[in-house]
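# Fold and geometry: a report
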Amino acid sequence: MYYNPYNNYWGVCPYMPVGGYPMGDAMKYYYQPEIPVPKGMREMIVKIMETEFYVVELALYLDTHPSDENAIKLFNEAVGRLDELKEAYREKYGPLTHYEKTGCPYQYVQGPWPWEL
Amino acid sequence: MWMYEKKLEYPVRVEKCDIKMAKYLSAQYGGPDSELSAGIRYLTQRYTMPLEQGKGLLTDIGTEELAHWEIIGTMIYKLLKGVPAEVLEREGLGAHFAEHGRAVYPGDAAGVPWTAAYIQAHGDPVADLHEDLAAEQKARATYEHLINLTDDTGIKDTLRFLREREVVHFQRFGEALRLVNEYKPTKKIY
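Residues numbered from 1 in each chain as written. Chains lettered and ligands numbered in written order. Predicted model: local features only at pLDDT ≥ 70, side-chain atom pairs only at ≥ 80, totals over all residues. Heavy atoms only, no water.

### Side note on the overall build of chain B
What counts here: Note on conventions: DSSP H or I runs of at least 4 residues are helices, E runs of at least 2 residues are strands, and numbering of each starts at the N terminus. The buried label goes to any residue with under 20% of its type's maximum accessible area, the exposed label to any with over 50%, and the partly exposed label to all in between, with areas taken from a 1.4 Å probe on protein chains only.
Within chain B, the secondary structure is distributed over seven helices and zero strands. Walking chain B from its N terminus toward its C terminus, one meets helices and strands in the order α-α-α-α-α-α-α. Along the first, second and third principal axes, the C-alpha set of chain B runs to 70 × 30 × 30 Å. Burial statistics for chain B: of 190 residues in total, 52% are counted as buried.

Here you go:
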């Protein structure tokens, strides 16, 4: 088992052993394989992150300035864009929350979780 | 109620093996000025905030602080992932490894567990908002210390984003304080 210099988009400590990593040193049967990230998922998630951050920032502003019409217009436009991006993401990679329609098997639990990307 | 979305607020990039940072980042994971303290503080103070703008602001900023808490947890997780025990001991994480393995734990940089003594909810909106302003400044200063402690560009980038968010939250709480102070002398007719 040799150590893998980071080669994924968001990097991981270069001590990552190739093929997986032990979840505990004494318990060899917790050895878990490296979860492959589907192609294009990270790029799409970054786009959603950018638009959703815009929405969060405007939401905080509108909390203390609820009658700013210009901000409300920008907010609604951004929410529209965000919904489109999330719809596109859901069609390819599954839902982001467990409040959306799912296929079988249950899609929400699958795949890399946010700290594994 | 709270909903969870399976994504971080900002990407976490770990580009080199600065394992000591895993210990120092716990200051923002379970320390006195951490995101956990901030989140729980705001979400507890919002019940007794008088204005609806104040309630909304505390709820939203509290929820965003929990999202930041997740980002810091991800950073610590990625830094410790797969690292052998001898290397951890050499980098000063021997005690953490003995008690928690490679898990993330809400304690401060010295391992002291998180406690609700780090927060306060007074019920008096002026006192609460002043505490929130101070908390944001303390968090900003902690982020500056953390940015100085590492030279990993990926981690520095995420920490810089989190530091800017603290500054923005400080501005928002200043607005809320202004609104509360304007509301106090107005005539309330029942």
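Having seen it, we continue.
### Looking at the confidence of the model for chain A
All names here are of chain A. Under the convention used in this document: Scored from 0 to 100, pLDDT records how confident the predictor is in each individual residue. Should any heavy atoms of two residues lie within 4.5 Å, those residues are considered in contact.
Counting all residues, the mean pLDDT for chain A is 80, and 71% of those residues have values of 70 or more. The low-confidence segment residues 1–9 (pLDDT under 50) makes 22 contacts with residues lying over four places distant or belonging to another chain. Contacts from residues 22–30, a stretch scored under 50 in pLDDT, to residues over four places away or in other chains number seven contacts.

### Some words on the side chain of B:Ser37
Topologically, B:Ser37 is positioned in helix 2 (residues 35–45). Among residues more than four places away in sequence, those in contact with B:Ser37 are B:Gly31, B:Pro32, B:Trp114, B:Tyr118 and B:Ile119.

### Focus: the nonpolar core
Note the cut-off: Nonpolar core, defined: a set of buried Ala, Val, Leu, Ile, Met, Phe, Trp, Tyr and Cys residues in which side-chain atoms within 4.5 Å join the residues together.
Core analysis: the biggest nonpolar cluster contains 37 residues, and A:Tyr89, B:Leu25, B:Ile72, B:Met75 and B:Leu159 have the highest contact counts within it. Counting only elements with at least two residues in this core, the list comes to helix 1 (41–64) and helix 2 (69–93) of chain A together with helix 1 (20–30), helix 3 (52–80), helix 4 (85–90), helix 6 (125–149) and helix 7 (153–183) of chain B. Within the second largest apolar cluster, 17 residues are counted, among which are B:Leu57, B:Ile61, B:Phe173 and B:Leu179.

### As for the packing of aromatic side chains
We apply this condition: Note on aromatic pairs: the rings of Phe, Tyr and Trp (six-membered ring only in Trp) are paired at centre separations within 6.5 Å, and the planes decide the class, stacked below 30 degrees, edge-to-face beyond 60, tilted for the rest. Here, a charge over a ring is recorded when the distance from Lys NZ or Arg CZ to the ring centre is within 6 Å and its angle to the ring normal is within 35 degrees.
For the structure on display, the rule yields ten aromatic pairs over all chains. Between A:Tyr89 and A:Tyr93, the aromatic rings sit 5.2 Å apart at their centres with planes inclined by 50 degrees, giving tilted as the arrangement. Within this pair, A:Tyr89 and its partner A:Tyr93 are both found in helix 2, separated by four residues, close to a single helical turn. Between B:Tyr29 and B:Trp69, the aromatic rings sit 4.9 Å apart at their centres with planes inclined by 10 degrees, giving stacked as the arrangement. With B:Tyr29 in helix 1 and B:Trp69 in helix 3, this pair connects stretches of sequence that are 40 residues apart. Note on B:Trp69: relative accessible area 23%, which makes it partly exposed. Cluster of aromatic residues (ring-pair linked, three or more members): A:Tyr106, A:Tyr108, A:Trp113, A:Trp115 and B:Tyr4. The ring of A:Tyr108 carries the charged tip of B:Lys6 above its face, separated from the ring centre by 5.3 Å. The ring of A:Trp113 has B:Lys6 sitting right over it, with the charged end atom 4.5 Å from the ring centre.

### Topic: the side chain of A:Asp63
To be explicit about the condition: Positive charges come from Lys and Arg alone, negative charges from Asp and Glu alone, with His and the N- and C-terminal ends not counted. Here a salt bridge means any side-chain nitrogen of Lys or Arg lying within 4 Å of a carboxyl oxygen belonging to Asp or Glu.
Along the polypeptide, A:Asp63 turns up in helix 1. Within the buried set, A:Asp63 has no salt-bridge partner at all; the shortest N-O distance to an opposite charge, 7.9 Å, is to B:Arg172. Beyond its immediate sequence surroundings of up to four residues, A:Asp63 is in contact with B:Gln53, B:Gly56, B:Leu57 and B:Asp60.

### Overview of the interface of chain B and chain A
This is how it is decided: Buried area is understood as the total, over both parts, of accessible area removed when two parts are fitted together, assessed with a 1.4 Å probe. Classes in brief: Ala, Val, Leu, Ile, Met, Phe, Trp, Tyr, Cys and Pro nonpolar; Asp, Glu, Lys and Arg charged; the others, Gly included, polar.
Contact residues are listed per partner, giving 46 residues for chain B and 43 residues for chain A. Summed over the three residues of chain B that lose the most area to chain A, namely B:Lys6, B:Lys7 and B:Lys81, the buried surface amounts to 21% of that side. Between B:Lys7 and A:Glu52 there is a salt bridge, with the nearest N and O atoms lying 3.0 Å from each other. Secondary-structure elements contributing two or more residues to the side of chain B that touches chain A are helix 3, helix 4 and helix 7 of chain B. Per element, the largest residue contribution to the side of chain B that touches chain A is eleven residues, and it comes from helix 3 of chain B. Classifying every residue of the side of chain B that touches chain A gives 23 nonpolar, five polar and 18 charged.

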